[in-house]
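Spelled out, the chains give:
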Amino acid sequence: MVATKLSIWNGALNILKHRRLVTTTDDLEARYVLDDVWDRDFIDTILEKGLWNHAMVTVMIDADPSYTDPLGAGWNRFTIPDDYVRAAGIFTNGNFTDPDLGYKEEAGAIYSTQSVIYMRYISNGASYGADYSLWPKSFTRFAEHYLAWMASGRLVDSDAERKDVERLAQRA
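Values in this document were obtained by computation on a predicted structure and should not be read as measured data.

A short note on the overall build of the protein chain
In terms of helices and strands, the protein chain carries five helices and six strands. In the protein chain, the succession of α and β elements from N to C terminus is α-α-α-β-β-β-β-β-β-α-α. Since a compact globule built from 172 residues should have a radius of gyration of about 16 Å, the 20 Å found for the protein chain marks it as more spread out than a globular shape. Projected onto its principal axes, the C-alpha coordinates of the protein chain cover approximately 60 × 30 × 30 Å. For the protein chain, with 172 residues in total, the buried portion stands at 41%. Look at the contacts in the protein chain between residues 6 or more apart in sequence, and 70% of them connect residues 24 or more apart. If you sum the accessible surface of the protein chain, you get close to 9700 Å²; carbon and sulfur atoms cover 48% of it. Looking at charge distribution, the protein chain has the averaged site of its 18 positive side-chain charges lying 9 Å from that of its 25 negative ones.

So, in C-alpha cells, the structure goes:
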C-alpha cells in the first residue's frame, strides 16, 4: 500500500491510541494537532534524520563564476539546490570515490577549493523525498512514530504515555 498523508496521520493516531480520521479535514482536536506538526516542515524534519535512498539525488555543480574569495585562499562558491535538505556527500570526482574533505557549508552555499563538485544529497522534491509512493515501509513507519511523538505533548495525558511514545519513536 502506498503511503498517504491520511494513512501516516492514522498510523500516528494508532500509536497514540486515538481513533482514526476519515479525512485530513475532520473537525477533531487530533486533526488540528497533526496539522500543526505537519505544517512546521514535518517532511523536511524527518528527511533530515537520515540518508534515505528514496530521497537521494546526485548532481554535478559548477562553481559560481561571479564569486571572488574575499580571503584569497582559493575558495569557490556553489549554489545549493532548492530541494536540498542535507548533504550525503561532496566529492571531487563523478565516480564518488574521492570525498572533498575540506568543503564548508555556510549561509546557504557550499564552499570548496574545487571548480566542480559532485554532490549526493537528500531532496524534499516532489519526485524524491516528498513523493509518498517512493517511501519504503520502514520510512513510513518512522514517519508515523515521529509524528506521534511530536503530537504526543498535546494528545497524550500522562508523562508515562509520552515517554512510551518517545521510546517507540527512537526505535522506529
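Don't stop here, the text continues.
Digging into the nonpolar core
Ranked by size, the top nonpolar core spans 32 residues in total, and within it Phe 42, Ile 46, Trp 135 and Leu 147 carry the most contacts. Broken down by secondary-structure element, the contributors of at least two residues to this core are α1 (5–15), α2 (29–39), α3 (42–47) and α4 (137–155). In terms of residue count, the dominant contributor to this core is α4 (eight residues). Once you skip the residues sitting within four places of it in the chain, Ile 46 turns out to touch Trp 52, Trp 135, Phe 139, Phe 142, Ala 143 and Tyr 146.

Let's talk about the packing of aromatic side chains
Applying the stated criterion across every chain yields a total of 14 aromatic pairs. Between the aromatic rings of Trp 9 and Trp 38, the centroid separation amounts to 6.0 Å while the plane-to-plane angle is 70°, which identifies the pairing as edge-to-face. Pair noted here: Trp 9 is in helix α1 and Trp 38 is in helix α2, with a separation of 29 residues, a long-range link. An identical accessibility class is assigned to Trp 9 and Trp 38; each is buried. An aromatic cluster is defined as three or more aromatic residues linked by ring pairs; in this entry it consists of Trp 9, Trp 38, Phe 42, Trp 52, Tyr 132, Trp 135, Phe 139, Phe 142, Tyr 146 and Trp 149. Over the face of the ring belonging to Tyr 32 we find Arg 31, whose NZ or CZ atom lies 3.9 Å from the ring centre.

Considerations on the side chain of Asn 93
Examined against the element boundaries, Asn 93 turns out to sit in the loop between β3 (84–91) and β4 (104–106). Taking relative accessible area as the criterion, Asn 93 reaches 17% and is therefore assigned buried. Within the structure, Asn 93 has its side chain in polar contact with the backbone nitrogen of Phe 96 (distance 3.0 Å). Of note is the side chain of Asn 93, whose polar atom sits 2.8 Å from the side chain of Thr 97. Setting aside residues up to four positions removed in sequence, Asn 93 forms contacts with Asp 98 and Tyr 118.

Observations regarding α4
Along α4, the largest kink reaches about 30° and is centred on Trp 149. Turning to α4, its buried residues are Phe 139, Thr 140, Phe 142, Ala 143, Glu 144, His 145, Tyr 146, Leu 147, Ala 148, Ala 151, Ser 152 and Leu 155. Structurally, α4 contributes buried residues whose contacts are with α1, α2, α3 and α5 (159–171).

Topic: the sheet that holds β3
The antiparallel open sheet is built from three strands, whose spatial order is β1-β6-β3. At either end of the open sheet lies a strand with only one pairing partner, and these are β1 (56–62) and β3. Across the sheet, the mean angle separating the axes of adjacent strands is 35° when strand polarity is ignored. Where β3 and strand β6 (residues 116–123) come together, six bridges link them in antiparallel fashion. The residue bridging Gly 89 from the neighbouring strand is Arg 120, located in β6.

What counts, and where the lines are drawn
- Residues numbered from 1 in each chain as written.
- Predicted model: local features only at pLDDT ≥ 70, side-chain atom pairs only at ≥ 80, totals over all residues.
- Heavy atoms only, no water.
- Helix = DSSP H or I, 4+ residues; strand = E, 2+ residues; numbered from the N terminus.
- Rg over C-alpha atoms; globule rule 2.2 N^0.38 Å.
- Buried < 20%, exposed > 50% of the residue type's maximum accessible area, 1.4 Å probe, protein only.
- Contact = heavy atoms within 4.5 Å.
- Areas by Shrake-Rupley, 256 points an atom, 1.4 Å probe, with all protein chains shown as cover.
- Lys, Arg positive; Asp, Glu negative; His and termini not counted.
- Charge placed at Lys NZ, Arg CZ, Asp CG, Glu CD.
- Core = buried A, V, L, I, M, F, W, Y, C linked by side-chain atoms within 4.5 Å.
- Phe/Tyr/Trp six-rings, centres within 6.5 Å; stacked < 30°, edge-to-face > 60°.
- Lys NZ or Arg CZ within 6 Å of the ring centre and 35° of its normal.
- Polar contact = N/O pair within 3.5 Å; in protein donor to acceptor, adjacent residues only side chain to side chain.
- Bend = angle between axes of the 7 residues up to and from the residue.
- Pairing = 2+ DSSP bridges.
- Axes fitted to C-alpha atoms, helices over the stretch in contact; angles between N-to-C directions.

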